[in-house]
Structures are given as structure tokens and as C-alpha cells.
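Chain by chain, the residues:
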Amino acid sequence: MSDIFHEVDEDVRRDKAADLWRRYHTPILIFAVLIVAATGAWSYYQTNRQKAAEAANARFEAAIALASDGKVTEAAAAFDALAKDGPKGYATLARIRAAELREDRARALQELEAIADDKNVDKLNQEVALLRAALIILESGDRQKMERALGPMMTSNGAFRFSAQELNGLDALANDDFEEAERDFNVLLSDRDAPQSVRQRAAAYQGLLHAKRGPKPATTAGGAASGGNVTVTPVIEPEQEGAASSGEAPFEVKPSK
């Protein structure tokens with residue numbers, strides 16, 4: 001008897017499965033085809049995306065090579081072309097590099113500030129553009145403009161806070177704002193998260209500050225700080241511990257005449 005009931009149950013299950021297949025086989029087949037098509041389309045998209053990235057990288061490297069060879073005009077044109085039709089990441093980097101190569105420094109500053117304000121650009125590249133703009137502002141000696149550019153980046157979690165602090169200190173030193181310069185250099189020297197090379201440069205900058213102002217504020221009879229002018233050229237580095245530094249500060253000191 002148990003075998004008979006088992007056979008009946010098997011027949012009932014087969015009949016139900018056949019009925020379900022008759023009712024739903026069309027949507028099941030369509031769903032299966034859609035899955036295969038979607039997988040193929042995604043694979044095609046990924047392949048094309050990889051090829052586009054490789055092509056953009058080759059163009060970017062070629063433009064860098066032109067700049068290294070001193071062919072500034074051709075390099076800027078190559079970066080401009082990549083900025084127009086390259087993938088988003090490469091296009092943004094190309095905009096920054098093209099702006100840096102402008103002989104017209106006012107135009108270069110304007111383009112870098114536009115990149116920093118562009119909401120379609122990711123925050124990291126916005127800050128890179130601001131740092132590059134700060135190097136141009138440093139040449140002009142506009143203290144207030146420098147503070148506005150670097151202020152938002154000098155936060156405890158800023159990706160480029162050490163470079164921003166360093167540039168702000170150098171600009172303060174160049175404009176005889178000794179208290180601000182010393183504060184910035186002391187922050188770098190006391191921050192254990194700062195790269196060793198940055199701390200070494202901060203110590204050297206502090207030596208320049210003391211040479212210019214003296215270890216303690218030295219004032220004349222009129223209350224003005226004494227000391228000669230110096231010119232320094234800073235370097236922007238990644239915010240991480242790098243290779244061992246030679247211990248020398250990468251800048252040139254030029255006393256004013």
C-alpha cells in the first residue's frame with residue numbers, strides 16, 4: 001500500500017510541475033534571456049571602459065612627456081584635448097595640468113579656481129586644484145586670498161592639511177606675518193602624523209623665520225619688526241610617509257637687495 005501512495009504522490013507532483021511550466025514557461029525563458037543579455041552587456045561595457053582608460057592613460061603620459069621636454073604649448077594642447085573627450089578622472093587631471101602650463105598666470109589661477117568650484121569634480125581633485133592655485137597666489141603675495149584658499153583644507157582630517165599648512169606658513173613668512181608663520185611651522189613640527197620630510201622642511205623654515213625676525217620679536221623704536229626679506233620656493237608632497245629624505249629643505253633662499 002505504501003508503494004501505491006508513493007507513486008500517486010509522484011504523479012501528482014509531476015502533474016503540478018507540468019502545469020506550472022505550461023503557465024509560466026514564457027516569462028521564465030524571457031527572464032533567463034534577459035540575465036544572459038545583461039551579463040554580456042556589462043562585460044562589453046567593462047571591456048570598453050578598460051580600453052578607454054588605457055588609451056587616456058597613454059595620452060596623459062604622452063602629454064607629460066611633452067611638458068618634460070619643454071614643449072609647453074604642445075603639452076597644454078594635449079591636456080586640453082584630453083580634458084574635452086577623456087574619461088572623467090583623466091579629464092579632471094588634464095584640466096589641472098593644462099592650467100598649470102599656462103604662461104598667463106592670471107588665466108592659470110582662474111582655471112584652477114574654476115576646477116576647485118566645479119561641483120562635478122570630486123573633492124580630492126578640488127583640493128589638488130586649490131593647492132596648485134595657492135602656488136600661484138604665493139607668487140603674488142595676496143595674503144588674504146591665500147588664507148581663503150587654504151583655510152578649508154587646514155582641518156584635522158584634511159587630505160592635504162600638511163601641504164596647506166606648509167604653504168600658509170610660507171606665505172605668512174613672505175609677508176612678514178611672523179606669528180602666523182611660526183604657528184604653522186610649530187603645528188607641523190608637533191604633529192606626529194606629518195610626514196618626516198614635511199617636519200624637516202618646517203624646521204628649516206623656522207630657521208629662516210628666526211634669521212629674518214630673530215628668535216624673539218625684535219622691534220624698532222616705531223614698533224616694527226626688523227629683518228631682511230627672503231624668498232622661498234615650496235614643494236607639495238603626498239600626505240603620507242615616503243622614502244627617506246636627504247634632510248635638506250627643497251627651497252632656495254634669496255635675500256632681497
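Reading the values: rules and limits
- Residues numbered from 1 in each chain as written.
- Predicted model: local features only at pLDDT ≥ 70, side-chain atom pairs only at ≥ 80, totals over all residues.
- Heavy atoms only, no water.
- Helix = DSSP H or I, 4+ residues; strand = E, 2+ residues; numbered from the N terminus.
- Expected span 1.5 Å × (residues − 1).
- Buried < 20%, exposed > 50% of the residue type's maximum accessible area, 1.4 Å probe, protein only.
- Salt bridge = Lys/Arg side-chain N within 4 Å of Asp/Glu carboxyl O.
- Core = buried A, V, L, I, M, F, W, Y, C linked by side-chain atoms within 4.5 Å.
- pLDDT = per-residue confidence, 0-100.
- Contact = heavy atoms within 4.5 Å.
- Patch = residues over 30% accessible without salt bridge, like charges linked within 9 Å, V, L, I, M, F, W, Y side chains within 5 Å.
- Areas by Shrake-Rupley, 256 points an atom, 1.4 Å probe, with all protein chains shown as cover.
- Axes fitted to C-alpha atoms, helices over the stretch in contact; angles between N-to-C directions.
- Parallel < 35°, antiparallel > 145°, perpendicular 65-115°, else oblique.
- Left-handed = near helix turned anticlockwise from the far one by under 90°.
- Nonpolar A, V, L, I, M, F, W, Y, C, P; charged D, E, K, R; others polar.
- Arc of directions from axis to C-beta.

## Notes on helix α3 (residues 88-100)
Part 1: Spanning 13 residues, α3 covers 19 Å between terminal C-alpha atoms, matching the ideal 18 Å at 1.5 Å per step.
Part 2: Residues A91, T92, A94, I96, A98 and A99 constitute the buried set of α3.

## With respect to the pattern of salt bridges
Part 1: Overall, the coordinates contain 16 salt bridges when judged by the stated rule.
Part 2: Linking E182 and R213 is a salt bridge whose minimum nitrogen-to-oxygen distance equals 3.2 Å. Of this pair, E182 sits in helix α8 (residues 178-190) while R213 sits in helix α9 (residues 196-213), and the two are 31 residues apart along the sequence.
Part 3: On the basis of relative accessible area, R213 is assigned to the buried category, the value being 6%.

## Observations concerning the nonpolar core
Part 1: Counting 23 residues, the largest nonpolar core has L112, A129, L131, M146, L150, M153 and L167 as its most contacted members.
Part 2: Only α3, α4 (105-117), α5 (123-140), α6 (143-150) and α7 (161-174) provide two or more residues apiece to this core.
Part 3: Per element, the largest residue contribution to this core is eight residues, and it comes from α5.
Part 4: Ranked by size, the runner-up nonpolar core spans 10 residues in total, among them A56, A75, F79 and A94.

## Let's talk about the confidence of the model for the protein
Part 1: Summarising the model, the protein shows a mean pLDDT of 80, and 78% of its residues fall at 70 or more.
Part 2: When the criterion is pLDDT under 50, residues 238-257 qualifies, and its contacts beyond four places in sequence or with other chains add up to 36 contacts.

## Some words on the environment of E147
Part 1: Among the secondary structure elements, E147 is positioned in helix α6.
Part 2: Separated by 25 residues in sequence, E147 and A172 place their C-alpha atoms 9.4 Å apart.

## Comments concerning a nonpolar patch on the surface
Part 1: On the surface, a cluster of nonpolar side chains totalling about 500 Å² of accessible area is made up of L20, W21, Y24, I28 and L29.
Part 2: Turning to its location among the elements, Y24 is positioned in helix α1 (residues 2-68).

## Let's talk about the environment of R161
Part 1: Looking at the secondary structure, you find R161 in helix α7.
Part 2: What makes R161 buried here is its relative accessible area of 19%.

## A few points about the packing of α7 against α8
Part 1: Look at α7 against α8: their axes get within 8 Å of each other, and the N-to-C directions meet at 155 degrees. When the interaxial angle is binned, α7 and α8 end up roughly antiparallel. Judged by the twist between their axes, the crossing of α7 over α8 is left-handed. Between α7 and α8, the residues in contact are F162, Q165, E166, N168, G169, L170, A172 and L173 and F178, E180, A181, R183, D184, F185, V187 and L188, respectively.
Part 2: Its residues placed into classes, the contact of α7 with α8 shows nine nonpolar, three polar and four charged.

## A short note on helix α2 (residues 72-85)
Part 1: Across its 14 residues, α2 extends 20 Å between first and last C-alpha, which sits within 8% of the 20 Å expected from 1.5 Å per residue.
Part 2: Regarding α2, the residues found buried are A75, A76, F79 and L82. Viewed along the axis of α2, the buried residues span an arc of 125 degrees, placing them on a single side of the element. Pointing more than 90 degrees away from the buried face of α2 are the exposed residues T73, K84 and D85.

## A few points about unusual backbone geometry
Part 1: Look at D176: it is not a glycine, yet its phi comes out positive at around 60 degrees.
Part 2: For D176, the location among the structural elements is in the loop between α7 and α8.
Part 3: Relative accessible area serves as the criterion here: at 39%, D176 is assigned to the partly exposed category.

## Focus on the packing of α3 against α4
The axes of two packed helices give the description: the angle between them and the distance between them.
Part 1: Two elements in contact, α3 and α4, have axes whose closest approach is 8 Å; the angle formed by their N-to-C orientations is 160 degrees. If you check the angle between α3 and α4, you find them roughly antiparallel. Handedness of the α3/α4 crossing: left-handed. Here R95, I96, A99 and E100 of α3 come into contact with α4, specifically with R105, A108, E111, L112, A114 and I115.
Part 2: For the contact of α3 with α4, a count of residues per class yields six nonpolar, no polar and four charged.

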